[in-house]
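Overview (structure and organization)
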Amino acid sequence: MRLFVSEGAPGCLPVLAAAGRARGRAELLISTVGPEDCVVPFLTRPKVPVLQLDSGNYLFSTSAICRYFFLLSGWEQDDLTNQWLEWEATELQPALSAALYYLVVQGKKGEDVLGSVRRALTHIDHSLSRQNCPFLAGETESLADIVLWGALYPLLQDPAYLPEELSALHSWFQTLSTQEPCQRAAETVLKQQGVLALRPYLQKQPQPSPAEGRAVTNEPEEEELATLSEEEIAMAVTAWEKGLESLPPLRPQQNPVLPVTGERNVLITSALPYVNNVPHLGNIIGCVLSADVFARYSRLRQWNTLYLCGTDEYGTATETKAMEEGLTPQEICDKYHIIHADIYRWFNISFDTFGRTTTPQQTKITQDIFQRLLTRGFVLQDTVEQLRCEHCARFLADRFVEGVCPFCGYEEARGDQCDKCGKLINAVELKKPQCKVCRSCPVVQSTHHLFLDLPKLEKRLEEWLGRTLPGSDWTPNARFITRSWLRDGLKPRCITRDLKWGTPVPLEGFEDKVFYVWFDATIGYLSITANYTDQWERWWKNPEQVDLYQFMAKDNVPFHGIVFPCSALGAEDNYTLVSHLIATEYLNYEDGKFSKSRGVGVFGDMAQDTGIPADIWRFYLLYIRPEGQDSAFSWTDLLLKNNSELLNNLGNFINRAGMFVSKFFGGYVPEMVLTPDDQRLLAHVTLELQHYHQLLEKVRIRDALRSILTISRHGNQYIQVNEPWKRIKGSEADRQRAGTVTGLAVNIAALLSVMLQPYMPTVSATIQAQLQLPPPACSILLTNFLCTLPAGHQIGTVSPLFQKLENDQIESLRQRFGGGQLEETFDLKAKTSPKPTVIETVTTAGPQQIQALMDEVTKQGNIVRELKAQKADKNQVAAEVAKLLDLKKQLAVAEGKPPEAPKGKKKK
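Worth saying up front: this structure is predicted, and the values here are computed from it rather than measured. (Residues numbered from 1 in each chain as written. Predicted model: local features only at pLDDT ≥ 70, side-chain atom pairs only at ≥ 80, totals over all residues. Heavy atoms only, no water.)

Focus: the packing of aromatic side chains
In the structure shown here, the tally under the stated rule is 29 aromatic pairs. Ring geometry for Y344 against F351: centres 5.9 Å apart, planes inclined by 85°, an arrangement best described as edge-to-face. Taken individually, Y344 and F351 each receive the classification buried, so the pair is uniform in this respect. Aromatic side chains W518 and F559 sit 4.2 Å apart centroid to centroid with 10° between the ring planes, which places their arrangement in the stacked category. You can see W518 sitting in helix α17 (residues 517-520) and its partner F559 sitting in helix α20 (residues 557-571), a full 41 residues away along the chain. Pair check on accessibility: W518 and F559 agree, each one buried. In this structure an aromatic cluster arises from ring pairing among F294, Y297, W303, Y549, F551 and Y692. The residue whose ring lies beneath K108 is Y102, and the NZ or CZ to ring-centre distance is 4.6 Å. R706 extends its terminal NZ or CZ atom over the ring of Y623, reaching a point 4.1 Å from the ring centre. (Phe/Tyr/Trp six-rings, centres within 6.5 Å; stacked < 30°, edge-to-face > 60°. Buried < 20%, exposed > 50% of the residue type's maximum accessible area, 1.4 Å probe, protein only. Helix = DSSP H or I, 4+ residues; strand = E, 2+ residues; numbered from the N terminus. Lys NZ or Arg CZ within 6 Å of the ring centre and 35° of its normal.)

A closer look at the packing of helix α2 (residues 62-72) against helix α5 (residues 143-156)
When two helices pack together, their arrangement is given by the angle between their axes and by how far apart the axes lie. Packing of α2 against α5 brings their axes to within 10 Å, and their N-to-C directions diverge by 140°. Relative to α5, the element α2 lies oblique. Like other packed secondary-structure pairs, α2 and α5 cross with a definite hand, here right-handed. Facing α2, whose interface residues are S63, C66, R67 and F70, α5 presents L143, I146 and V147. Residues that form the contact of α2 with α5 fall into these classes: five nonpolar, one polar and one charged. (Axes fitted to C-alpha atoms, helices over the stretch in contact; angles between N-to-C directions. Parallel < 35°, antiparallel > 145°, perpendicular 65-115°, else oblique. Left-handed = near helix turned anticlockwise from the far one by under 90°. Contact = heavy atoms within 4.5 Å. Nonpolar A, V, L, I, M, F, W, Y, C, P; charged D, E, K, R; others polar.)

Digging into the sheet that holds strand β9 (residues 394-395)
As summarised here, the arrangement of the four strands in space is β9-β8-β13-β14, forming an open sheet in which the pairing is antiparallel. Where the open sheet ends on each side, the last strands, each with one partner, are β9 and β14 (493-494). Judged from the two bridges that link them, strand β8 (residues 379-389) and β9 form a sheet pairing that is antiparallel. Note on β9: the bridge partner recorded for C389 is R394. (Pairing = 2+ DSSP bridges.)

Observations concerning the nonpolar core
In this structure, W635, Y692 and Y759 are the most contacted members of the largest nonpolar core, which totals 187 residues. The residues contacting Y692, other than those within four sequence positions of it, are Y297, A704, S707, I708, M755, P758, Y759 and L781. Membership of the second largest hydrophobic core comes to 72 residues, among which are L100, Y101, A120 and Y153. (Core = buried A, V, L, I, M, F, W, Y, C linked by side-chain atoms within 4.5 Å.)

Taken by themselves, the reported measurements are silent on function.
Here is the structure:
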């Protein structure tokens, strides 16, 4: 093999580093050529790097050459690496090229350079921090690390362009830069000149356009319109002129909705929320709201769509909640199922059915899958050590035990997981364990349980994933989590628990046990469908005709990507498995986490009491949807987005367009005589509409929302430039021009009303009612921009869509949800809990207990101060602050004082 490289060519950096790693695996000759030398005979322009293979073939893509060298080294390809390479090519390279051009060619410095690439650097840093791994794809260096390092090295080798606050990125970059293959690559390409060695190469590159060179940010910007071809403009005009006749007939409504042969059948589920908790905003955006947007979009595309969800009602958490509230598990389920249903109804979630898992169908289907697994040899029996409470005369399931975490020392770790360090725990490993019911110390005893033999099913799972993942829309985090489980090797997983509230185990000797909730909870999708229609198998045993999309937060991925697929594959009953697993990251609240017990954050039953309409909540949650990394709800940002994007941009444009029709043309859409500028606007709107479709087809919900706002901004600019309110007072030609501008603007408003429907259904319906949009146009969204309000169409009464949010209103809500409802929470617990805990007791404690708590508060305060001084990870600080607040509450109660509400932390 022969590798051709050139000094000063940035693409040679990662290639030489990858070649260095593969040294000795094959005979390789490295030749340094001039920048003008053509080494590939069939290319007319110079191109380096180039790898000439022994077969005579050539590779001249940087990532392809690097991949070849990695494969020589025995590296196995993985999905996460492919995701990183796609991101590097589509997101990082355009931003980085602009930054290097500004720095080297134009001589710019500081933020003028860093602004172009800051968001991309932050994305890498957050990904490394979130995974808590030293490299991009896990614990070991991968192809993605070398390709991204090589791309970034010319810029980041200058410490001025490696922001100190991006500590994970800093560590990753330094680790790679000190490796010998990377050091040799840098010396060969940059020749100790640093980034200036790239000047000859960069001077031959085109100057970045404003769109390419602008700072990469989530915030909307005024941007130049794309260059259009005459063909694109002509096609947009032709589609516009066809108007309503282009719309296909509406699909007939089915009840129940069932798959139809020859159509696209889309089955959508959102993760079943635990019945015992009221969902907060993070829960809502993580599953039901995201799935609702896609379900509504699917219906606009005329796809045959069934969207289902329900409450997950079995398990330890339900029994625990029932004890806390002095109710039976069934009463708890009935109570909270209604609360969940009411919350989702208020948020306008368009379920076709919202069910529950405590049904005979759940028992029947779960037991059938279990029996099929048992008879095929995929269920094991084993003896396990488990905690038993002698006082309660029962084995304790995970959540009935609390104690000291064996890993980090957190004193309120649960029997399944520590909320502080996040590590999974075997309950018998807890130090100082306590029964949550009676607070006595349990003993360790042996008990028999059943296990799903995941190792025996691993090959089937791998083969299924190999068929499913390529070409699918699994999110990168879903792919990574699933692959990481497989990389570590699957282990038998216990599927039974010593509880009374659950699906009974139909096996002799196990009559006193129930199935573990995470074995049968995912089967809830099937049973909920079975309660919706007795033809449920047409959805769930029909993988050839059904496209299954499943929405969840990332913590649910192992159960949907590993456990249930293994159960279904082992049952050998032709079950429909997930085609597209859509997982979000986490939504935080201001500077911390949602906490019902501390009164921090907005929960579903509280949102409707804020006076802010449901559609505003939907819009903001979708605008900040945690798609690629964790995001945070912010009251200040909510105010800004409402007042700028909704009130001043979207609402302003739609209201003006409708008002011009009413005020200047008597409520009738005027004649439109399109000029070349108008035709170009049609084409630009069409392009943005098609981009919206491309994004939503890939379930990039947040990004598609920005397409709506971009079209609205184009509309506002169009009105401002053409000033119809002035032209209407001028000559006949001016009046005609005012009519054209008004007619085109109100048609853009009509289009926006349909594009908005998945995001803000009530606002969408309001706009359509104001414009009297014909019914067929309300229910179908094509990929072309049509004239749906032709000349002569009469509109209705136009009124403002949005209200301004005021600073004092938002500040009041910030205080209220920053801990202001804590006293109310304590009052509620005192009324409902039959056995109040020590924290909730109002009796004054003894002096020794008070002194001990004071010492604990002082000690914990020192820990928090030390972490803040070290600028430790935010989540770690938040966990320690929460512990400090809890200790202060205990101290206040011990001293006979009312618990003091934590003060909401303001964002600067």
